[in-house]
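Fold and contact review
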Amino acid sequence: MWPWLQNEHFKKNALLTERQQFLGQLCLFTLVAHLMILGIAIFFSGMTRHKDRFVVSTQKRSTVYVLTPYKKQARQSNVRGSTISSSKASKVINYQTYQQLQKQKKSGLKIKKKTKQSKSLISAQKMKKKIAEKKVGAVIKKKNQEQAALAKPKLAMVNVDVVETIDSAKKKPSKKHIPEKVPVEKTVPEIEPKVEALKSEPVVEQVSKDLSDPIKKEAKLAETDGEEIEQELEDIDLDDVTFIDSERWDSLDVQHKIQQKVQENFKSPIGIGKEVSCECTVLIGQTGKSSKVTMVKSSGIRVYDISVRAMLVTVDFPKEVWNRTITVVVGQ
Amino acid sequence: MMIKKIFLVGYLFSSLQASDLHIVVHAQQTEKIKVGLVFVGVPTSDDETMIARLQKDLEHSGQCTIVQKNVAKIKKRLEFKTVLPDDVYLTVFISKVDDGYAWRLYDMLSMEMMVGKKMACLQRPPRLMAHLIADQLWPAMFNQSSSFASKIAFCKQIWKKRGTREKSYKQIWITDLDGTHPQLFIDTPTVNIAPRWAGLECAPLLFYSENTLSNVQLIMSNMFKKRHVVCCFDGLNMQPTFSNNGKEVVYCLSKDGSSQLYHSYVHGLSKYNMSERLTFNDGNNISPCFIDDDHLVYVSDFETNKPQLYLLDINDQSQKRITDGGYCACPCYSKVNNKLVYSKMIDKGMQLFEYDFTTKQHRQLTKGPGSKEEPSWSACGNYIVFGMNEGLKSRIAQLNLITGKLHYLTSEKDHCTYPNCSPVYQNWIGILKE
């Protein structure tokens, strides 16, 4: 394959048999291929990084950002529009919270109705619970029978929460009915308190009658937190949501700093129309000052272009963008 | 080794590709921009007059502050920065060349010339040269139309002794766009009202109505004050409006009783002057104003007994009401903005309103005391000149639509009315040249 491998001296010293030679060649080939692939991957990841351009607007509108979990880059279909507003009223929530808030919003109306229900409705609910408990009990029995037939199922039996509740009284099926919700209680400490209170509020109102005092105390706390969260819920418009990935989240903070600095220093000339904007590329030096400002797209108004360029020359950029090139679009 | 090198190069290259941030920022504050005005050379008195006039014209807009300097010579571009302060980023350098001036607009950040032009004097006065240079500079800087060289005609009431009594007359005066350099144009011993600029850009004319013992006749005057009676029917003959091509005119005549609109034009085939009546109602139809060659807006009270604005199609004479109630009068159209300005009675005074033909929306422009009447758009569409009546006082005022500021063009002591802005004529003759 390679000439130097065919060298007799090499064959004598390094490799003895043809089989060994073949194996050596194969190993070398795979090593080189892996290294090339690694290099290309690093190269292209660098290229895609510098193409990651995002636009931030400083309009007064507030936007809710949803941080998508385990995703490096959010899909374009999830991103609404090409602008992200970074005003002070913007909020960032994680994806789980977003989903829970959506559910809460849908069920929030139902919960409010339940608190005002008459006794007849409440008794109907109790009947429904009993029926559900019976069904769950039947399902649990079937599972136990299946698990008893298998060797390993013992472990599964232990892991299944339902098995533990079989020994308890029939009241516990009410807990079984809440297995969908009991895990929520267990995971409460993991989740942020505001979210946790949201989740527990409807649960606690229903279960507080049956459960012991500590849970009632939690319910009371949850109620007070729930009030605060209700207010936030009202503030958050889940219809106007922008999905961002982890990379974008990191740069959002930087963008906000730059916008603040630019807005503090920029004063538009009088008499310029609202739709006017110009785009400039700024090369930032080691001290945070721009070393070069070039006009990429003119606004068509010389006075406006010059005032923008003059402003970009004087602005002190934050440390995160030192020794970098940024593109700034300044509009009315 | 080669593979290692390739690997290292690829890694370095990828790391050096710094990520570009793309940021959009919206301005929240505005300010006047500082513009430098430098005369290069030894200025004469005319040059100084021109520079001073140019500075006033640019500052009158309210959009910029002029920093003026005189420099004998500039050898190198680096010397530019020493002439003016550091916060001046845009500078106009003017120098005298042959029989005229040359101006150059410089970007002080990059020290590059952006645009430059020459302007021949042609025996024009320095004041007019300043207006013309300002009209060239303004679009280059702000990408907006300008009309610094346009004029405003208005009526001024005076009292003259005739025998034992004092009689009031109305003269017609002409002034620059900012109210400076007023000149008496028509001075006849009668009442002259409602001046209207007309004519082609190369042949400016002024129409006005003159009171006589028997009627109010329509007079035409050229810039050399040579007058000619255009229309002398019984009753009122006034308020002509001209089409864009200057070949059609619509005016008001009250020879048949109430004021009606008449359309005069040259017939395409026979080449005869034709005249036809446009309105046939019992109301008073006044203040016609051409929108385009086929449509005009006028005021009539035939429907509601209060004057309203109507849009009339000249071809089929169909009409459509624009205003909804109130007392509306004095429409004036701006081709640049595609908007109409008119006066409307609000409480006990007239206020200026604007109607946008694009959006079909009305918007109130002025508030506060005083009655604002007879508005007229400037040629650039940035100013509205109108008569402001406050009790016994009557002055000509100018509203800057960009800055929202009000500026009085005449003094408190003078009783001035009926302002009308001219287009920017290309031929400055007669009084326009003075």
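Residues numbered from 1 in each chain as written. Chains lettered and ligands numbered in written order. Predicted model: local features only at pLDDT ≥ 70, side-chain atom pairs only at ≥ 80, totals over all residues. Heavy atoms only, no water.

The next thing to look at is the overall build of chain A. Looking only at helices and strands, chain A features 12 helices and nine strands. Taken over 332 residues, chain A has a buried fraction of 36%. In chain A, of all internal contacts separated by at least 6 residues, the share reaching a separation of at least 24 is 74%. Carbon and sulfur atoms provide 56% of the accessible area of chain A, an area that totals close to 21,700 Å². (Helix = DSSP H or I, 4+ residues; strand = E, 2+ residues; numbered from the N terminus. Buried < 20%, exposed > 50% of the residue type's maximum accessible area, 1.4 Å probe, protein only. Contact = heavy atoms within 4.5 Å. Areas by Shrake-Rupley, 256 points an atom, 1.4 Å probe, with all protein chains shown as cover.)

The subject of this paragraph is the pairing of strand β24 (residues 339-346) of chain B. All names here are of chain B. The buried count for β24 comes to six of eight residues, which makes it a mostly enclosed element. The pairing of strand β23 (residues 328-334) with β24 spans five bridges and is antiparallel. Residue Ser 334 lies in a different strand from β24, and its bridge partner there is Lys 339. Where β24 and strand β25 (residues 349-356) come together, eight bridges link them in antiparallel fashion. Opposite Lys 344, over in β25, you have Gln 351 as the bridge partner. In this antiparallel pair of consecutive strands, β24 and β25, the connection spans two residues, and Asp 347 shows a positive phi of 60°. (Pairing = 2+ DSSP bridges.)

For the rest of this paragraph, the subject is the confidence of the model for chain B. Residues and elements named next belong to chain B. Put simply, chain B has an average pLDDT of 87, and 93% of its residues get 70 or more. Confidence drops under a pLDDT of 50 for residues 15-19, and excluding neighbours within four residues, the segment shows eight contacts in the predicted structure. Overall fold confidence for the complex sits at a pTM of 0.69, while the interface term, ipTM, reaches 0.85. (pLDDT = per-residue confidence, 0-100.)

With that out of the way, let us pick up the packing of aromatic side chains. Residue and element names in this part refer to chain B. Per the counting criterion, the structure on display carries 12 aromatic pairs over all chains. Ring centres of Phe 93 and Tyr 106 lie 5.4 Å apart, and the angle between their planes is 85°; on these two criteria the pair is classed as edge-to-face. Taken together, the positions of Phe 93 in strand β5 (residues 90-96) and Tyr 106 in strand β6 (residues 100-107) put the pair 13 residues apart, joining distant regions of the chain. Cluster of aromatic residues (ring-pair linked, three or more members): Trp 138, Phe 142 and Phe 148. Above the face of the Phe 353 ring, Lys 344 is positioned so that its terminal group lies 5.3 Å from the ring centre. The ring centre of Tyr 408 lies 3.9 Å from the NZ or CZ of Arg 395, which sits over that ring. (Phe/Tyr/Trp six-rings, centres within 6.5 Å; stacked < 30°, edge-to-face > 60°. Lys NZ or Arg CZ within 6 Å of the ring centre and 35° of its normal.)

A few words now on the environment of Cys328(B). Residues and elements named next belong to chain B. Residue position: Cys 328 is located in strand β23. Linking Cys 328 and Pro 307, residues 21 residues apart in sequence, is a C-alpha distance of 5.5 Å. Ignoring sequence-local partners within four residues, the contact set of Cys 328 consists of Val 299, Pro 307, Gln 308, Leu 309, Thr 323, Tyr 342, Ser 343 and Lys 344.

Residues and elements named next belong to chain B. Spatial strand order, β10-β9-β8-β31: four strands in an open sheet with antiparallel pairing. Every other strand in the sheet has two partners, leaving β10 (183-186) and β31 (415-421) as the edge strands with one partner each. Strand-to-strand twist in this sheet, taken as the mean axis angle between neighbours without regard to direction, amounts to 40°. Here strand β8 (residues 151-162) runs beside strand β9 (residues 165-176); their pairing, made up of 12 bridges, is antiparallel. Its bridge partner lying in β9, Arg 162 is registered against Arg 165. (Axes fitted to C-alpha atoms, helices over the stretch in contact; angles between N-to-C directions.)

For the rest of this paragraph, the subject is empty space enclosed by the protein. Picture a little ball the size of a water molecule; that probe, rolled over the atoms, points out where space is still empty. All names here are of chain B. Tallied over the full model, the rule gives two cavities of 30 Å³ or more. Each pocket or cavity is described by its volume, and for the largest cavity that value is around 70 Å³. Lining the largest cavity are Ser 61, Gln 63, Trp 138, Ser 145, Ser 146, Ser 147, Phe 148, Leu 177, Cys 380, Asn 382, Tyr 383 and Ile 402. Its residues assigned to classes, the lining of the largest cavity shows six nonpolar, six polar and no charged. The space that makes up the second largest cavity amounts to roughly 40 Å³. Contributing to the lining of the second largest cavity are Arg 53, Asp 57, His 60, His 131, Phe 148, Asp 176, Leu 177 and Asp 178. Across the lining of the second largest cavity, the residue classes tally to two nonpolar, two polar and four charged. (1 Å grid on protein atoms, 1.4 Å probe; cavity = no way out; pocket = protein on both sides within 12 Å on 5 of 7 lines; lining within 4 Å. Points joined across faces, edges and corners; volume = space filled by probe spheres on them. Nonpolar A, V, L, I, M, F, W, Y, C, P; charged D, E, K, R; others polar.)

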